[in-house]
Number of protein chains: 2
Amino acid sequence: MTKLNEKEIIGIFANKLGISNLDDVALLDKGIVIKSDMLVASTDVPPGMEAWQIARKSVVSCTSDLAAKGVKPHAAVISLGIPNSYSAQRSNIEGLAKGFAIASKEFGVKIVGGDTNETGELVIDCSMIGFPVFKIPTRSGASPGDYVIVSGAFGFAPAGLAILLQQKAITAGNSIFRKRAVKSVLEPHPRQSFGLVTARYSSASIDSSDGLAVSLYELASQSKRVDIAVYRIPAVEGLDKFARENGYETDELVFHGGEEYEIVATIPPTKIKQAKAAARKAGVSLQVIGRVQRGSGSVFVRKKLLENRGYVHFDRR
Amino acid sequence: MTKLNEKEIIGIFANKLGISNLDDVALLDKGIVIKSDMLVASTDVPPGMEAWQIARKSVVSCTSDLAAKGVKPHAAVISLGIPNSYSAQRSNIEGLAKGFAIASKEFGVKIVGGDTNETGELVIDCSMIGFPVFKIPTRSGASPGDYVIVSGAFGFAPAGLAILLQQKAITAGNSIFRKRAVKSVLEPHPRQSFGLVTARYSSASIDSSDGLAVSLYELASQSKRVDIAVYRIPAVEGLDKFARENGYETDELVFHGGEEYEIVATIPPTKIKQAKAAARKAGVSLQVIGRVQRGSGSVFVRKKLLENRGYVHFDRR
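## What about the interface of chain B and chain A?
Size of an interface, as often reported, equals the accessible area lost when the parts are brought together. Facing 61 residues of chain B, the contacting portion of chain A comprises 61 residues. Where the side of chain B that touches chain A is concerned, the elements lending two or more residues are α1 (6–17), β2 (33–40), α2 (41–44), β3 (71–82), α4 (84–87), α5 (90–107), β4 (110–118) and β5 (123–132) of chain B. Residue composition of the side of chain B that touches chain A, grouped by class: 27 nonpolar, 17 polar and 17 charged.

Structure below.
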């Protein structure tokens, strides 16, 4: 027996339910958009993450997904699965509650209800609805000539995760780099302003939480007859040094890390100037990293074929 | 250290988030209602339940909650936590997908997206949005003089659970009773038609999935200065015999069972005739079991104080 992978599982559900994009946001009656995301402790909670950060993180994924679609969050419901040992400490529950309150305020989303259960490990499911500010860019609208843009540089999260997991004795002498890397894991920052500003100019858009390579491949393969050519590698400052000192490849950290809540989008040449101006006005970073070209769903980085490979969740079980 | 119970946990969250009813449905902008419910295998999946029944059941709770509020479901998203061992069998995943498709059709709710994860035990979270058909009865609107009504009789589910769990050698010679009892556990039936028909007449309403006693206490304690007096015990046919033969108390099964997806509501005397006529016309059962009276949040059954005690989830871990 071979275990089905996530893609196969999603395929079976999508097929049976007659939906094409089980893991993208869905647009419903009255312009409602809905998305859910489940946080599972053994794969999504690294060592050192406090209760309030866990709760906040469980709201980040949906917030980021909606942001990539130019959708302003309206309300969320939270389902909790809490182990007995966890709820034995009142401070854990108070920490979670504090984290939800922080997320609610920070992301502008009312948390209006929920459900509590007893589970073997901590599980938090967040479902969020919102309303599009302008239009919703799909994953499939990229055309040859479009610019490929990102909301920020990559690398902090995988570096931070390596530090937190202490997979090996990590040197991160630059304490500012270490701080920012660890913070990007413990308190990820979804790009709401960026998403709401750029969605109206984007032909396609996705968030990068599964890794930059996977996101680029999603856009390239779901759009018709295109490839993506990346000519600028969006690495955070200090990543080269961190990689060199600790035996990592910079490109690996940039393209095959994960849990980086940046937005990856494509913008037609006719709109790129406006988009850049709007981003500047809103005070958000918009970086061009490549172009869309005719092709068949592949992604190239400096003319070399990029591997379509995500990051592998750690497992603390 | 004392483990916090569910009420205390909900209290901490509700307090921190400034919401009064964390576990009731929430009415949002544009008349949207949202509710989420998490199914956890070790407590919500009895032996003998097939994959499609598990998936269907995970959609029943929200459907029932919305029904009790007179809300027609519109769409749902599903988050899945699947153990490795479970997804190793393709038939399990196909069974789940089939169950979601059945639920979608049966309850008139589009399943529009979801999220898949790896967990230690099977966890399914369903979040559903819908629109009220008329108005939304709260839990707090019961007034002295109102009739207390239910959508059907109680007892099949706890009897069925006893049979499935084989807690003791159960005698259920009457094979029709056994069949209906087991079926009510494996394929629970939320009262959608009843809820949509009666909501406009109800001063307060709730579903009975936590047990009839708990539901009655919710209505009595959240409404102002009222008690509930039950004078007719709504037991399913054959329950007395089943209880007698197997050493159970009928009242225990009726009031302190659980996972019975009936609706419990209160209807003012001025509207009870119309409500009965509407129920008759719609072909749904509406049974009066008692009255609301002045009081302080208590529930009496034939003048005896009822214990405010739900059913305890079994735990297969």
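That was the structure; now back to the text.
## Re the packing of helix α1 (residues 6–17) of chain A against α5 of chain B
The N-to-C vectors of α1 of chain A and α5 of chain B enclose an angle of 30°; their axes lie 9 Å apart at closest approach. Comparing their axes, α5 of chain B and α1 of chain A come out roughly parallel. The chirality of how α1 of chain A crosses α5 of chain B is right-handed. Contacts from Ile9, Ile12, Phe13, Lys16 and Leu17 of chain A of α1 of chain A reach α5 of chain B at Ile93, Glu94, Ala97, Lys98, Phe100, Ala101 and Ser104 of chain B. Partitioning the contact of α1 of chain A with α5 of chain B into residue classes produces 8 nonpolar, 1 polar and 3 charged.

## Here we look at helix α6 (residues 156–165) of chain A
Residue and element names in this part refer to chain A. Of all 10 residues in α6, 8 are buried, a share of seventy percent or more. Considered for burial, the residues of α6 that qualify are Phe156, Ala157, Pro158, Ala159, Gly160, Leu161, Ala162 and Ile163. Trailing α6 by a residue or two, Gln166 shows a phi angle of about 45°, which is positive.

## Considerations on unusual backbone geometry
Most peptide bonds take the trans form, and the phi angle of most residues other than glycine is negative. A positive phi angle, close to 50°, is found at Arg225 of chain A, a residue other than glycine. The residue Arg225 of chain A is located in the loop between α9 (212–222) and β8 (226–230) in this model. The exposed category is assigned to Arg225 of chain A, around which 11 C-beta atoms lie within 10 Å. Phi is positive for Arg302 of chain B, close to 45°, though the residue is something other than glycine. In this structure Arg302 of chain B comes out as exposed when scored by C-beta crowding, with 12 C-beta atoms within 10 Å.

## Notes on the relation of the copies chain B and chain A
Overlaying chain B on chain A yields an RMSD of 0.0 Å, the required transformation being a rotation through 180° with an accompanying axial translation of 0.0 Å. Between the two chains, the operation in question is that of a two-fold axis. Both copies present the same face, since 100% of the interface residues in chain B are matched by interface residues at the equivalent positions in chain A.

## Some points on the sheet that holds strand β12 (residues 304–305) of chain A
All names here are of chain A. The 7 strands are arranged β7-β9-β6-β10-β8-β11-β12 in an open sheet whose pairing can be described as mixed. Edge positions in the sheet fall to β7 (204–207) and β12, since each has one partner strand and no second. Summarising the sheet, β7 and strand β9 (residues 263–267) pair through 4 bridges and their orientation is antiparallel. What sits directly across from Asp207, in β9, is Ile263. Its contacts with the sheet place helix α3 (residues 51–68) against β7 and β9, and it is angled at close to 170° to β7.

How each quantity is defined
Residues numbered from 1 in each chain as written. Chains lettered and ligands numbered in written order. Predicted model: local features only at pLDDT ≥ 70, side-chain atom pairs only at ≥ 80, totals over all residues. Contact = placed C-beta atoms within 7 Å. Helix = DSSP H or I, 4+ residues; strand = E, 2+ residues; numbered from the N terminus. Nonpolar A, V, L, I, M, F, W, Y, C, P; charged D, E, K, R; others polar. Axes fitted to C-alpha atoms, helices over the stretch in contact; angles between N-to-C directions. Parallel < 35°, antiparallel > 145°, perpendicular 65-115°, else oblique. Left-handed = near helix turned anticlockwise from the far one by under 90°. Buried ≥ 20, exposed ≤ 12 C-beta atoms within 10 Å, placed from the backbone. Least-squares fit on C-alpha atoms with pLDDT ≥ 70 in both. Pairing = 2+ DSSP bridges.

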